[in-house]
Amino acid sequence: MTDALSRMLETRDWLMADGATGTNLFNMGLSSGEAPEFWNTDEPDKIRALYRGAVEAGSDIFLTNSFGGNAARLKLHDAQGRVGELNRIAAELGREVAEAADRPVVVAGSIGPTGEIMQPMGPLSHAAAVEIFHEQAEALKAGGADVLWVETISAAEELKAAAEACKLADMPWCGTMSFDTAGRTMMGMTSADLVELVEKLSWKPLAFGANCGVGASDLLRTVLGFAAAGTERPIIAKGNAGIPKYMDGHIHYDGTPDLMADYAVLARDCGATIIGGCCGTTPEHLRAMRAALETRPRGPRPSLDEIAQRLGGFSSASDGTGDTGDTPERHRRRRRS
Ligand SMILES: [Zn+2]
């Protein structure tokens, strides 16, 4: 029996994912020092409302409120013993909302980074990272997640550990990295590096791509990079709603629903199959994105100039993949071989 996401990918040529869990929970009153995952048990109605907000705005896939639900992250809140409970309930609430929908909706169990640096750069071993991710993966599975969704990863090592954990849990998965440093991830991965990495994994993701990062324009440049690397695997685009700006004591994203509608259609033209938002994306943005994806025709692959014109400029001159002057030696060497 195939999983719910694979079935959906077989019959549709684009899918809409959800917006930002954090942004929407802050809008519901979460304070910045609080672990969002505690709301799974303390404020379940607000979590149901979060999920329902995405489903009612047209999302085909929504992510569970479990991004920071691994033992390493929960330890900061002295809650490392609650991984099983908090993740299971995150998925159970998701299941409940998905079952009540009038169309098929995929519940994706969100798995964020551990927050620790992996060996050889840092102290976290591969085995320890696999164990951390596996504990969370099993709990999301037990709660009824259709697929696991590893997101905002910076290091290749961490994505490999997460993939292994998904395999141990015998769960299909998707994986996205955050390309937030002049087109690369914080740990130096380019879009082409991710395409190469994904095909080398023994437990391959159903889809892969980019989330968060800088703005919508940068994210689409990364999607163009995936497509240029010649991948056959569905590409995920989950970009922020514009650029974060500090206003009146809080972070505000400047992307309007109209801008995100343009972003969604351009993401599809760039080659993305699963399109959603990240930080700053609310149900209002999602509704505009859904309407645009349903009503506007597909276009040719946009140029970088077109993307910049419609969505705003890029944060850096290059996406880090080319042989530009600032390309690290490591990368130039490998490309020549
Ligand atoms: Zn984000």
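An unreviewed UniProt entry lists the protein chain under the name 5-methyltetrahydrofolate--homocysteine methyltransferase, with Rhodovulum euryhalinum as the source organism. Recorded under Cofactor (unreviewed entry), the UniProt text for the protein chain is reproduced unchanged: "Zn(2+)".

*Asks:* I'd love a proper account of the sheet that holds strand β7 (residues 235–239), names of residues and values included.
*Replies:* Strand pairing in a sheet is mediated by backbone hydrogen bonds. Such pairs are either parallel or antiparallel. Pairing is parallel in the open sheet, where eight strands are placed in the order β1-β10-β7-β6-β5-β4-β3-β2. This sheet does not close on itself; its edge strands, each paired only once, are β1 (15–16) and β2 (61–63). By the bridge criterion, four bridges tie strand β4 (residues 147–153) to strand β5 (residues 173–177) in an arrangement that is parallel. If you follow Ile 153 over to β5, its bridge partner there is Met 177. Most of the contacts of helix α8 (residues 156–168) go to β4, to which it runs at about 170 degrees, and overall it touches β4 and β5.

*Asks:* Hey, could you go over the pattern of salt bridges for me, with residue numbers and the actual values?
*Replies:* On inspection of all chains with the given rule, the structure shows 17 salt bridges. Among the salt bridges present, the one from Arg 95 reaches Asp 146, with a minimum N-O distance of 3.0 Å. With Arg 95 in helix α6 (residues 83–100) and Asp 146 in the loop between α7 (126–142) and β4, the pair connects residues that are 51 residues apart, well separated along the chain. Two residues, Glu 199 and Arg 233, come together in a salt bridge whose shortest N-O distance is 2.9 Å.

*Asks:* Can you explain the nonpolar core? Please cite residues and give values.
*Replies:* Of all hydrophobic cores here, the largest spans 80 residues; its most connected members are Phe 62, Leu 194, Leu 220, Phe 226 and Tyr 263. Formed by 16 residues, the second largest nonpolar core is a distinct cluster that contains Ile 61, Ala 108, Ala 207 and Ile 236.

*Asks:* Lay out a nonpolar patch on the surface with the relevant residues and their values.
*Replies:* A cluster of nonpolar residues, Ile 117, Met 121, Met 186 and Met 187, forms a patch on the protein surface that exposes about 430 Å² of accessible area. Relative to the elements of secondary structure, Met 186 occurs in the loop between β5 and α9 (191–200).

*Asks:* I'd like to hear about unusual backbone geometry, residue by residue, with values.
*Replies:* With an omega of 5 degrees, the peptide bond between Gln 119 and Pro 120 qualifies as cis. In this structure, Thr 152 is a non-glycine residue whose phi angle is positive, near 60 degrees. Checked against the element boundaries, Thr 152 lands in strand β4. With phi around 50 degrees, Ala 182 is a residue other than glycine that occupies positive phi space. Tracing the backbone through its elements, the reader meets Ala 182 in the loop between β5 and α9.

Rules of the game
- Every chain begins its residue count from 1, and numbering advances along the sequence as written.
- With the structure being a predicted model, the display of local features is reserved for residues of pLDDT at least 70 and the display and counting of side-chain atom pairs for 80 or more, all residues being used for whole-chain, interface and lining totals.
- The side-chain figures draw on all heavy atoms in the structure; neither hydrogens nor water molecules are used.
- UniProt positions are given in the numbering used here, feature names are shortened, and annotations may be inferred rather than shown by experiment.
- We treat two strands as partners when DSSP finds at least two bridges between them.
- Counting from the N terminus, the helices are DSSP H or I runs at least four residues long and the strands are E runs at least two residues long.
- Here, residues are in contact when the closest pair of their heavy atoms is within 4.5 Å.
- Axis geometry follows a simple rule: fit a line to the C-alpha atoms, using only the stretch in contact for helices, then measure angles between N-to-C directions, giving values from 0 to 180 degrees.
- Each salt bridge in this description consists of a side-chain nitrogen of Lys or Arg and a carboxyl oxygen of Asp or Glu lying within 4 Å of one another.
- For our purposes a nonpolar core is just a set of buried Ala, Val, Leu, Ile, Met, Phe, Trp, Tyr and Cys residues, chained together by side-chain atoms within 4.5 Å.
- The classification of residues rests on relative accessible area computed with a 1.4 Å probe and restricted to protein chains. Under 20% of the type maximum is buried, over 50% is exposed, and intermediate values are partly exposed.
- Candidate patch residues must exceed 30% relative accessible area and have no salt bridge, after which like charges are joined if within 9 Å and Val, Leu, Ile, Met, Phe, Trp or Tyr side chains if within 5 Å.
- The Shrake-Rupley method, run with a 1.4 Å probe sphere, supplies the accessible areas, and residue values consider only the shown protein chains as cover.

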